[in-house]
Amino acid sequence: MSVLDTVASLIFYPPIWQLLILGFGGALVVAMVAVWFERKAAARVQRRIGPYWASPRLGGLMHLMADMLRYAFQQVVIPRTVDFWPFIAAPIFGMALSILPFAVTPLTSNPNFWPLPPALMEYSLLVALAITTLPPIFIIVSGWAANNPFTIIGGVREAFIILSYELIAILSLFAPAVAVGSLNIVDIVQAQGLVKWFIVLNPLAFLAAILAVAMSTSAFPFEIPESEPEVVAGPFTEYSGILYALNMGGAYMRRFVFGLLISLMFLGGWYPIVPGEGFILGYALPSLVVVVKAVVVVLAISFLRAIYGRYRLDQALDMAWRLVLPLTLAGILLALVEAYLGIF
Amino acid sequence: MLQAPSRDYSSVLGLALEKAKNALSSKGIVFSVEEGKGFYDIIVEREYLVAGATALKEAGFDHVVSLTVTDYPKEKKFRLVYHLTSYLDYEIAGAIIGLGVEVPRSDRPSVPSLTQVWRSAEFQEREVYEFFGIEFEGHPDLRPLLLTPPVAELRPLRKDFVVREENIYEGVPKSG
Amino acid sequence: MVEDVRIYGGWKDELGLKVVPSKKIGKDLYEVFIGPQHPGSGHMRITVRLDGDIIVEADPDIGYVHRTMEKLGEIRGWIKPIPLFERMAIHDACNITMPYVLAVEKLMGVEPPLRAKYLRSLLCEINRIGAHLYGFAIFGVFLGHSTMYMWAMGDREVFIELAEALTGARLTHSYPLPGGARRDIPADFPDMARRAVNYMRKRLKEYEKIFLNNPVIRSRLEGVGVISKGLAAELGIVGPNARASGIGYDVRIVEPYDAYPELDFEVPVFREGDALARTMVRVEEIKQSLRIIEQAVEWLEKNPREPIVDKYLYGKYPPLHKKIMESEGRAKLLPISAAMKVPKGRAIGRAETGRGETIYYVESDGGVNPYRVRIVTASARNAIAFKYVLPGHKIMDLPAIYGSLDYFPPESDR
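Think of each chain on its own: its residues are numbered from 1, step by step along the sequence as written. Numbering of ligands from 1 and lettering of chains from A proceed in the order in which they are written. Note on the predicted model: pLDDT of at least 70 is required for a residue's local features to be given, and 80 or more for side-chain atom pairs to be given and counted; whole-chain, interface and lining totals, by contrast, use all residues.

Digging into the interface of chain C and chain A
Heads up, the condition is: The contact criterion used here is simple: two residues whose C-beta atoms, placed from the backbone, lie within 7 Å are in contact. A run of H or I in DSSP counts as a helix once it spans at least four residues, and a run of E counts as a strand once it spans at least two, with each numbered from the N terminus. Amino acids outside the nonpolar list (Ala, Val, Leu, Ile, Met, Phe, Trp, Tyr, Cys, Pro) and the charged list (Asp, Glu, Lys, Arg) are all regarded as polar, and Gly is one of them.
Taken together, the contacts link 27 residues of chain C with 23 residues of chain A. If one sorts the elements of the side of chain C that touches chain A by residue count, helix H5 (residues 146–167) of chain C sits on top with 5 residues. Counted by class, the side of chain C that touches chain A contains 14 nonpolar, 9 polar and 4 charged residues.

If you want it as structure tokens, here you go:
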């Protein structure tokens, strides 16, 4: 076995391929496109041009590249008053855990291209959702470690928001699993088939999921923990350079992960493509379909910034417990009814 | 919605002056009236300031528009006038009546604070305190408002503080 | 020199300034400094003490952009303070210098011709719309509504260009003079103004859709920062903020100046006193200002052009200046105005600026400089509201209240 083969097999080893190359790299591109779309779409509503001059032909897409490079090479200022190790570690762990769900998310029904061995895929939904709950803890840690009134207030707000909206996000994503009777993402997608998508069968859970994702990943009009007019940048106030980029990127990654899960759970995953044999038919095309659906979800969430303002913290929590949680429970009830009727 | 009425300001002002005069004389306060363009100043002695203020507040002058202090170094006095008007009494709304007192010019002049009478005077008294060094006895929170203490120390609005301007032609030869 | 050592809540001082005893922070209170280097504070600082999420105490600390307007006003002659005072609120330039000009006119005993009065009122209303739109823009940012920010800032451009067509300057127009105005309207101005008015009316409907009737924005504003009628009078709140609390007070009505007695307009008054009412007052005021602009433009178009300075002053114009006035409608400043003397006396001039009543007390000792200029701007009088309105609200209400008060630090600090 030559060196090249070793390298190739290492790169195409499914967990690494999916987690690092597709997951991180792909998510980075998606984050870039999402930010670009967010700025362009908002600019369109606001009668501006948006990013443009960095590359007029690409509509200013390179602007975002320049932004990323700037963050990468900016000086990282670490104030004397912070708790050094938690301050450094929190964004890194947060980012790492944000992309970890890619490692358990199948993007095709062909078992050769699953990131995990088929036996482990039985509980993929459970594992993926479990991992998505971890990064917010590090946001709270970073807020606490930065040791500044604004970061602490921001961290506490993050805790409040996460407590209410993570629960809703997870419950609403479980609704399809309840209806199908499986925690295997592949099973759920296969059960949906070409037409029985859960966006139609269970719109309540879908709506709750979108709302909860927007809130819990601090999408722009709902970035209560980072609300600029009162708490500067919330938990990230003291961060600069690459650490700040990790923090902010982590939120986009999380949103993209949730987008993937929503597209698999509610939007029929890789359908209308039925995965076949080989790399192209078995992996490239179906995963492309899933990613495109996920991107649409992320962009839809991004577009909200042009329309809505920011809720007050207590109003957001009020909405969570009084409106969205009952909506989610109704969605689960609907899923139970569907399971009882035996639609699948 | 308020429609613009044809309102004669000078008659309103006259009415307000009558009202203020009655309020003060009913309390037995001695005063003198000075006329300005568009307002009247009622000057009282220092000991009548608080009583006069209370009387005027009862008469309907509910807020301070401007706390105007002028420095007269030649006459060795400050002229401190609370310019008042009314929001709630429509008859005299908008008419400016000043309640003033003459303060001898010394290093640390002081007058009784009227913040307890008119809350709207609070920040303006702080402003006068820093710009003129006039202390207001009984003010709840007498701190400089706009200036930093070293600058407030110079009492910038007193007439003996002279603005020194940079000479932009300094060092430039006059010809050639 | 004084060592300016800051003790908690007061200032240490050796030369006579009072030291305020340090205020103890309660055991469970959390102190947050909103400003001066803070994206949501403007050029000021609000020291906020929090009990959990509730503001217990707020101490506005203003003065970060103080420029000694009152002292500079005493050494610059009578004309030069006009461009100086504009710097307090450059997007409200005509309004903010109007009271000074009115006070000097009272002292000099000159009266501008009716045409000049209309011109000045026209620019004042254009400025008022600009100031309100600026306030909306900042308010939008404070509430996380970036679309409102961009729309209002963009639509403000229409009125800035209108002002530019009238005066030649986008922001600091230096337009009113004691006894007149600087320029007559250009020939294409009436069309331009009418188009701007129609455009703004259309846009206001869109503002209502996206901002004022937006459920999120409404839930942020309704019942927040309520100032009752009594409290507003006690604190001496002015302008749209007072009118939102049910106080029907507008200088244009209580002491009409310029062309306002001739114009047909209404002053909107709301009773609720909350942040939403303060916002709605501004929307209604923009509508009224549009009406005034229409009327003023119509009058100016219909009536023949005449010299736009006071008769007495015009008599002193040299032939060249008279020629320029007749051909271009432009009032050139007389050379003697640099050393102009104003009769002895005291005068108060006031006008309704975009943010409320602004008062100038001008005293002359008959010399070439004003003896004393006391300036109390609208924002300076509204600053006290922070101290008494904020406590009891949540920290996230701070931007909503700040923005709805439309507080503008450079105007307040003078």
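Focus: the interface of chain C and chain B
In many reports, interface size means the accessible area that the parts give up when they come together. Contact residues are listed per partner, giving 53 residues for chain C and 44 residues for chain B. Take the side of chain C that touches chain B: its biggest share by element is 4 residues, from strand E9 (residues 345–353) of chain C.

Focus: the nonpolar core
Residues and elements named next belong to chain A. We apply this condition: Joining buried Ala, Val, Leu, Ile, Met, Phe, Trp, Tyr and Cys residues through C-beta atoms within 7 Å gives a set, and that set is a nonpolar core. Residues with at least 20 other C-beta atoms within 10 Å of their own are called buried, those with 12 or fewer are called exposed, and the rest are partly exposed. The C-beta atoms themselves are positioned from the backbone.
Ranked by size, the top nonpolar core spans 265 residues in total, and within it Ala209, Ala212 and Phe256 carry the most contacts. If one sorts the elements of this core by residue count, helix H7 (residues 149–180) sits on top with 18 residues. Those residues in contact with alanine 209 that lie beyond four places of it in its chain are Ala169, Ser172, Leu173, Ile262 and Phe266.

Regarding the confidence of the model for chain C
Residues and elements named next belong to chain C. Applied cut-off: Every residue carries a pLDDT, the predictor's confidence in it, which falls somewhere between 0 and 100.
On average, residues of chain C score 84 in pLDDT, and 93% of them reach the 70 mark or higher. Low confidence marks residues 1–23, where pLDDT is under 50. Its contacts with residues over four positions away, or in another chain, come to 41 contacts. Here the predicted complex scores 0.86 on pTM and 0.87 on ipTM.

Re the sheet that holds strand E10 (residues 356–364) of chain C
Paired through backbone hydrogen bonds, the strands of a sheet run either parallel or antiparallel to each other. Residues and elements named next belong to chain C. Using the following cut-off: In short, DSSP must find at least two bridges between two strands for them to pair. Helix axes are fitted only over the stretch in contact, all axes being lines through C-alpha atoms; the angle between N-to-C directions runs from 0 to 180 degrees.
Spatial strand order, E9-E10-E11: 3 strands in an open sheet with antiparallel pairing. Two strands in the sheet have a free side with no partner beyond their single neighbour: E9 and strand E11 (372–376). Averaged over all pairs of adjacent strands, the angle between their axes in this sheet comes to 15 degrees, without regard to strand direction. Where E9 lies against E10, 9 bridges are found, and the strand directions are antiparallel. Looking at the pairing, glycine 349 lines up with tyrosine 360 of E10.

Details of the packing of helix H3 (residues 61–73) of chain A against helix H12 (residues 241–265) of chain A
In helix packing, the relevant descriptors are the interaxial angle and the interaxial distance, both defined with respect to the helix axes. All names here are of chain A. Under the convention used in this document: Roughly parallel refers to an angle under 35 degrees, roughly antiparallel to one over 145, roughly perpendicular to one between 65 and 115, and oblique to any angle outside these ranges.
Closest axis-to-axis distance for the H3/H12 pair is 5 Å, and the angle between their directions is 130 degrees. Regarding the angle of H3 to H12, the classification is oblique. Contacts between H3 and H12 involve Met68, Tyr71 and Ala72 from the first element and Gly241, Ile242, Tyr244 and Ala245 from the second. Within the contact of H3 with H12, the residues separate by chemical class into 6 nonpolar, 1 polar and no charged.

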